[in-house]
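# What the coordinates show
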2 protein chains.
Amino acid sequence: MANRIITISREFGSAGRTIGRQTAERLGIPCYDAELIQKIAEESGLASEYIKEKEEHSVHANPLVNIFMSDRTNGGFSMQDYVWSVQREVICGIAQKEACVIVGRCADYILRDRQDLLTVFIHADIEKRAERVERVYGEMDDTPVLKRVKDKDKRRKTYHRFYTDREWGVAQNYHVCLDSGALGIESCVNILCSLYTGQA
Amino acid sequence: MANRIITISREFGSAGRTIGRQTAERLGIPCYDAELIQKIAEESGLASEYIKEKEEHSVHANPLVNIFMSDRTNGGFSMQDYVWSVQREVICGIAQKEACVIVGRCADYILRDRQDLLTVFIHADIEKRAERVERVYGEMDDTPVLKRVKDKDKRRKTYHRFYTDREWGVAQNYHVCLDSGALGIESCVNILCSLYTGQA
């Protein structure tokens, strides 16, 4: 397999973003994460902060709510559908242009027909993730950290299922799944780099 | 993580067994696969062929059938429970005794409390697996190869859920999941060896 693009899906607090950044740096290719949000914002005319929120906060965990509360019931295109379509275009454009690492945003699904993809899922025990979230992001309001992590996971899972019709975190949907909590960030980066360069 | 034992769960036809054997050989440690069946047979007094069948053929894909057809409804211990308990003892005994690779038999679950475990799941696209099954195992009766692969997967999945109460193939249950069809057998062996020896 000739790899040009690495897509990283990740559980909240699993260091997937850090692993993506370090892998890209080592390989000398760009990493799209916050940059992706910026590009989607530019293309869509919406605020970055709004786009950032859209990935995880616009899809309700109860699918019925999505059906009845969305303007999709009016035969229309909801705002989240609009963001999705811009996101799709931006990701396809980037993939066409250059070798890179793309973190999140269902890039694995959007680019699924490409042959030059290495799709990755990063996860870790919830306790380790909660500890990392507390350490890296600090406290946020009064929500207990374990609850924050669980809520985020639930929203990512629902968003992913809603747009891709695939189960998030099912091994068969990725080329490589790694437990960053057990293996460590450095080992994960090493594995991805060696797979990308064909040295694994 | 100090690894002493690698457990390999695998989809049928994904070359998980071959990857296990080659990894063990490279690391200079034994690989338990057919040997495990032999040991369980010796300990239980049952025939190897019977044990081999028990992993995938005694649990019905419909859980209701398991409840109503098993002698468990009589408050008893079914034959499959007996095999499971011997299997559990044999696997714990091996793990206690020596560093090794163990293929299949829910060893990841049985040894889940150990700290020296590297748990692996090997999978591949169904077309690639069907092609491999045909090449390696040849034709068996008139069942189309794709149907054979799907049936085996279904039985492994059901057996796994029945005894472990975990979903088979969910990334979060393993330290490493690898798509052997996309990455190739050699890359999978390289990754496992480098993780085991701490060089990844």
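Up top is the structure.
Residues numbered from 1 in each chain as written. Chains lettered and ligands numbered in written order. Predicted model: local features only at pLDDT ≥ 70, side-chain atom pairs only at ≥ 80, totals over all residues. Heavy atoms only, no water.

So, about the overall build of chain A. The helix and strand inventory of chain A stands at 10 helices and 5 strands. Put simply, chain A has 200 residues, and 52% of those count as buried. Taken as a whole, chain A presents about 9500 Å² of accessible surface, with 49% of it coming from carbon and sulfur. (Helix = DSSP H or I, 4+ residues; strand = E, 2+ residues; numbered from the N terminus. Buried < 20%, exposed > 50% of the residue type's maximum accessible area, 1.4 Å probe, protein only. Areas by Shrake-Rupley, 256 points an atom, 1.4 Å probe, with all protein chains shown as cover.)

Moving on: the relation of the copies chain B and chain A. Once turned by 180° and shifted 0.0 Å along the axis, chain B lies on chain A with an RMSD of 0.0 Å. Overall, the copies show the geometry of a two-fold rotation axis. Both copies contact each other with a shared surface, as 100% of the interface residues of chain B are interface residues in chain A too. (Least-squares fit on C-alpha atoms with pLDDT ≥ 70 in both. Contact = heavy atoms within 4.5 Å.)

Once that is clear, we can look at the nonpolar core. Of all hydrophobic cores here, the largest spans 45 residues; its most connected members are A:Ile6, A:Val101, A:Leu178, A:Leu195, B:Val101, B:Leu178 and B:Leu195. Not counting residues up to four positions away in its chain, the partners in contact with B:Leu178 are A:His175, A:Val176, B:Phe121, B:Ile122, B:His123, B:Leu183, B:Cys188, B:Ile191 and B:Leu192. (Core = buried A, V, L, I, M, F, W, Y, C linked by side-chain atoms within 4.5 Å.)

Taking strand neighbours across the sheet as the criterion, the 10 strands line up as β2(A)-β3(A)-β1(A)-β4(A)-β5(A)-β5(B)-β4(B)-β1(B)-β3(B)-β2(B) in an open arrangement whose pairing is mixed. Single-partner strands in this sheet number two, and they are β2 (31-32) of chain A together with β2 (31-32) of chain B. (Pairing = 2+ DSSP bridges.)

This part covers the pattern of salt bridges. Close approach of charged atoms allows side chains with opposite charge to pair. Residue and element names in this part refer to chain A. Under the definition given, this model contains 20 salt bridges over all chains. For the salt bridge of Glu98 with Lys97, the shortest nitrogen-to-oxygen distance reads 3.8 Å. Classification of Glu98 as partly exposed rests on a relative accessible area of 22%. Residue classification places Lys97 among the exposed positions, given a relative accessible area of 56%. The salt bridge partner of Arg114 is Asp116, with a shortest N-O separation of 3.0 Å. (Salt bridge = Lys/Arg side-chain N within 4 Å of Asp/Glu carboxyl O.)

Turning our eyes to something else, we now look at the environment of A:Ile191. Tracing the chain through its elements places A:Ile191 in helix α10 (residues 185-196). A:Ile191 sits in the buried class, given a relative accessible area of 2%. Taking the C-alpha atoms as reference points, A:Ile191 and A:Leu27, 164 residues apart in sequence, are found 12 Å from one another. Sequence-distant contacts of A:Ile191, defined by excluding residues within four places in its chain, comprise A:Leu178, B:Ile191, B:Leu195 and B:Ala200.

Now for a negative patch on the surface. On the surface, A:Glu134, A:Glu139, A:Asp141 and A:Asp142 cluster together to form a negatively charged patch. Relative to the assigned elements, A:Asp142 resides in the loop between α7 (126-137) and α8 (145-164). (Patch = residues over 30% accessible without salt bridge, like charges linked within 9 Å, V, L, I, M, F, W, Y side chains within 5 Å. Lys, Arg positive; Asp, Glu negative; His and termini not counted. Charge placed at Lys NZ, Arg CZ, Asp CG, Glu CD.)

Residues and elements named next belong to chain B. Their axes nearest at 9 Å, the elements helix α1 (residues 16-27) and helix α10 (residues 185-196) cross at an angle of 45°. Between α1 and α10, the interaxial angle falls into the category oblique. Regarding α1 and α10, the two cross each other, and that crossing is right-handed. Seen from α1, the contacting residues are Thr18, Ile19, Gln22, Thr23, Arg26 and Leu27; seen from α10, they are Ile185, Cys188, Val189, Asn190, Leu192, Cys193 and Tyr196. In terms of residue class, the contact of α1 with α10 is built from 8 nonpolar, 4 polar and 1 charged. (Axes fitted to C-alpha atoms, helices over the stretch in contact; angles between N-to-C directions. Parallel < 35°, antiparallel > 145°, perpendicular 65-115°, else oblique. Left-handed = near helix turned anticlockwise from the far one by under 90°. Nonpolar A, V, L, I, M, F, W, Y, C, P; charged D, E, K, R; others polar.)

Note on interface size: it is often stated as the accessible area lost on association of the parts. Contacts between the two partners involve 22 residues from chain B and, on the opposite side, 22 residues from chain A. Taken together, both faces of the contact between chain B and chain A bury some 1800 Å²; the carbon and sulfur share is 61%. Taken as a group, B:Gln172, B:His175 and B:Ala200 account for 27% of the area that chain B buries against chain A, more than any other trio of residues on that side. Our count for the chain B to chain A interface comes out at 0 salt bridges. Scanning the region where chain B abuts chain A turns up 15 residue pairs in polar contact (both at pLDDT 80 or more). (Buried area = accessible area lost by both parts, 1.4 Å probe. Polar contact = N/O pair within 3.5 Å; in protein donor to acceptor, adjacent residues only side chain to side chain.)

Let's shift gears to the packing of aromatic side chains. All names here are of chain A. For the structure on display, the rule yields 14 aromatic pairs over all chains. Ring centres of Phe162 and Tyr163 lie 5.1 Å apart, and the angle between their planes is 80°; this geometry places the pair in the edge-to-face category. Above the face of the Phe12 ring, Lys152 is positioned so that its terminal group lies 5.0 Å from the ring centre. (Phe/Tyr/Trp six-rings, centres within 6.5 Å; stacked < 30°, edge-to-face > 60°. Lys NZ or Arg CZ within 6 Å of the ring centre and 35° of its normal.)

All names here are of chain B. Helix length check: helix α7 (residues 126-137), at 12 residues, gives a terminal C-alpha distance of 16 Å against a target of 16 Å (1.5 Å per residue), a fit within 8%. Restricting attention to buried positions, one finds in α7 the residues Arg129, Ala130, Arg132 and Val133. Buried positions in α7, seen along its axis, are confined to an arc of 165° and lie on one side of it. In α7, the exposed positions that point more than 90 degrees away from the buried face belong to Glu127 and Arg135. For α7, the elements touching its buried residues are α1, α8 (145-164) and α10. One or two residues past the end of α7 sits Gly138, with phi positive at roughly 75°. (Expected span 1.5 Å × (residues − 1). Arc of directions from axis to C-beta.)

Another point: the state of the cysteines. All names here are of chain B. This structure, assessed with the given rule, holds 0 disulfides over all chains. Of all cysteine sulfurs, the one in Cys100 lies closest to Cys92, which takes part in no disulfide; the gap is 11 Å. We classify Cys92 as partly exposed; its relative accessible area is 28%. (Disulfide = S-S within 2.5 Å.)

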